[in-house]
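What follows is the residue order along each chain.
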Amino acid sequence: QVQLVESGGGLVQAGDSLRLSCAASGYTFTSYDMGWFRQAPGKEREFVAAISWSGRTTDYVDSVKGRFTISRDNAKNTVYLQMNSLLPEDTAVYYCGQGSPYGGLHPKKRNFGSWGQGTQVTVSS
């Protein structure tokens, strides 16, 4: 069974940095697109960033472009989200999600699921 375990969240001040990790198991990690999503209290889950199975393509929501970087280490079955210049608006539970096999972030192959339990990121002003 697919298992995704997020870690690295915490309480930081605006302008600080965090690196989130998502350890994957139970499937062929290298064959799947991966993504990060977040959910703030009272809001729906929001797309943050994604990386293709090959690592050659990435995508970000406009609000984090230039600040966040998604990457993956296939040897460790781990996807990362480097978050710099954090803002209070980034406060949310961050979830790792499994994407489509060999999707390449194609708009018709953007299906994410098998979520982890999430890690809390709180940014104070």
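Up top you'll find the structure we're talking about.
Residues numbered from 1 in each chain as written. Predicted model: local features only at pLDDT ≥ 70, side-chain atom pairs only at ≥ 80, totals over all residues. Heavy atoms only, no water.

> For this particular structure, what's the right way to read the overall build of the protein?
A count of helices and strands for the protein gives zero helices and ten strands. Secondary structure of the protein in N-to-C order comes out as β-β-β-β-β-β-β-β-β-β. Scaling as 2.2 N^0.38, a compact globule of 125 residues should have a C-alpha radius of gyration of about 14 Å, and the protein matches this with 14 Å. Expressed along its principal axes, the backbone C-alpha trace of the protein runs to roughly 40 × 30 × 25 Å. A buried classification covers 43% of the 125 residues belonging to the protein. Long-range contacts, defined here as pairs at least 24 residues apart, represent 59% of the contacts in the protein between residues at least 6 apart. Looking at the protein as shown, the accessible area adds up to about 6,400 Å², and 46% of this sits on carbon and sulfur atoms. In the protein, 12 positive and 10 negative side-chain charges are present, and the distance between their average locations comes to 7 Å. (Helix = DSSP H or I, 4+ residues; strand = E, 2+ residues; numbered from the N terminus. Rg over C-alpha atoms; globule rule 2.2 N^0.38 Å. Buried < 20%, exposed > 50% of the residue type's maximum accessible area, 1.4 Å probe, protein only. Contact = heavy atoms within 4.5 Å. Areas by Shrake-Rupley, 256 points an atom, 1.4 Å probe, with all protein chains shown as cover. Lys, Arg positive; Asp, Glu negative; His and termini not counted. Charge placed at Lys NZ, Arg CZ, Asp CG, Glu CD.)

> Can you walk me through the nonpolar core in this structure?
Side chains of a nonpolar character, in soluble globular proteins, are inclined to be buried together. Ranked by internal contacts, the top residues of the largest apolar core, which has 28 residues, are W36, V79, L81, M83 and Y94. Among the secondary structure elements, those contributing two or more residues to this core are β3 (18–25), β4 (32–39), β5 (46–51), β7 (68–73), β8 (78–83), β9 (92–101) and β10 (119–124). Considering each element in turn, this core owes the most residues, four residues, to β3. Those residues within four positions of Y94 in sequence are excluded, and the remaining contacts are E6, L20, W36, F37, R38, V48, F68, L81, M83, G118, T119 and V121. (Core = buried A, V, L, I, M, F, W, Y, C linked by side-chain atoms within 4.5 Å.)

> Please explain the sheet that holds β9 as it appears in this structure.
Strand order in the open sheet formed by six strands is β2-β10-β9-β4-β5-β6, and the pairing between neighbours is mixed. A strand with exactly one partner marks an edge of an open sheet, and here the two such strands are β2 (10–13) and β6 (58–60). Within the sheet, the average angular offset between the axes of one strand and its neighbour, ignoring direction, is 25°. Bridging between β4 and β5 involves five bridges; their strand directions are antiparallel. If you follow G35 over to β5, its bridge partner there is A50. (Pairing = 2+ DSSP bridges. Axes fitted to C-alpha atoms, helices over the stretch in contact; angles between N-to-C directions.)

> Looking at this structure, I do not really get the state of the cysteines. What am I missing?
What we call a disulfide is simply a covalent bond connecting the sulfur atoms of a pair of cysteines. One pass over the full model with this rule turns up one disulfide. C22 shares a disulfide with C96; S-S distance 2.1 Å. One disulfide, between C22 and C96, carries an S-S torsion of -80° and so falls in the left-handed class. Highlighted residues: C22 in strand β3 and C96 in strand β9, separated in sequence by 74 residues. Comparing C22 with C96 shows no difference in burial state: the two are buried. (Disulfide = S-S within 2.5 Å.)

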